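What follows is each chain in one-letter form.
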Amino acid sequence: GTMGGVIWIHAVSVGEAAAAESFARRLRELRPEFELVISTVTDTGRRLAEERMGSLAKVIYVPFDLPFCIAHAVKRLRPNLLPAHLAAEVLAAEP
């Protein structure tokens, strides 16, 4: 991450990926010290996020239905801010 840490934005649908764009742009303006990570669960959402926000954020694919994938991403990214529904999945994946 960068000096400020990592903020993770998760977009489940193409609509959420599109909606995340204005949030990510504003967040980049207000908190440039944070690395932004945008995750998606579909190829279409990933392509949209890369096209619209690839210059603002790191775009990753995280299969939401596989808690161990989410847990692995959390361990690698070490985000300062994580969507609540992902946090629940991480807890479910813990032994």
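Residues numbered from 1 in each chain as written. Predicted model: local features only at pLDDT ≥ 70, side-chain atom pairs only at ≥ 80, totals over all residues. Heavy atoms only, no water.

Undergrad: Please explain the environment of Ala73 as it appears in this structure.
TA: Within the element layout of this structure, Ala73 appears in helix α3 (residues 67-77). Ala73 sits 13 residues away from Ile60 along the chain, and the two C-alpha atoms are 9.3 Å apart. (Helix = DSSP H or I, 4+ residues; strand = E, 2+ residues; numbered from the N terminus.)

Undergrad: Help me understand helix α1 (residues 14-30) in this model?
TA: An α-helix turns once every 3.6 residues. As a result, residues three or four positions apart point the same way. The end-to-end C-alpha distance of α1, which contains 17 residues, comes to 25 Å, matching closely the 24 Å that a straight helix rising 1.5 Å per residue would cover. The principal kink in α1, of about 30 degrees, is found at Ala20. For α1, the complete set of buried residues consists of Ala17, Ala20, Glu21, Ala24 and Leu27. Contacts from the buried residues of α1 go to β1 (5-11), β2 (34-40) and α2 (43-53). (Expected span 1.5 Å × (residues − 1). Bend = angle between axes of the 7 residues up to and from the residue. Buried < 20%, exposed > 50% of the residue type's maximum accessible area, 1.4 Å probe, protein only. Contact = heavy atoms within 4.5 Å.)

Undergrad: So what exactly am I meant to see when it comes to the pattern of salt bridges here?
TA: Two side chains bearing opposite charge may form a pair once their charged atoms approach each other closely. In total, this model carries six salt bridges according to the counting rule given. As a salt-bridge pair, Arg26 and Glu29 come within 3.0 Å of each other at their nearest N and O atoms. Note that Arg26 and Glu29 are positioned in helix α1 at a spacing of three residues, about one turn of the helix. Residue classification places Arg26 among the partly exposed residues on the basis of a relative accessible area of 47%. Arg46 is the partner of Glu50 in a salt bridge, and the nearest nitrogen-oxygen pair spans 3.2 Å. With Glu50 and Arg46 both in helix α2 and four residues apart, this pair spans about one turn of that helix. Glu50 sits in the partly exposed class, given a relative accessible area of 37%. Taken together, the shared-partner salt bridges in this structure form one network comprising Glu21, Arg25 and Arg52. (Salt bridge = Lys/Arg side-chain N within 4 Å of Asp/Glu carboxyl O.)

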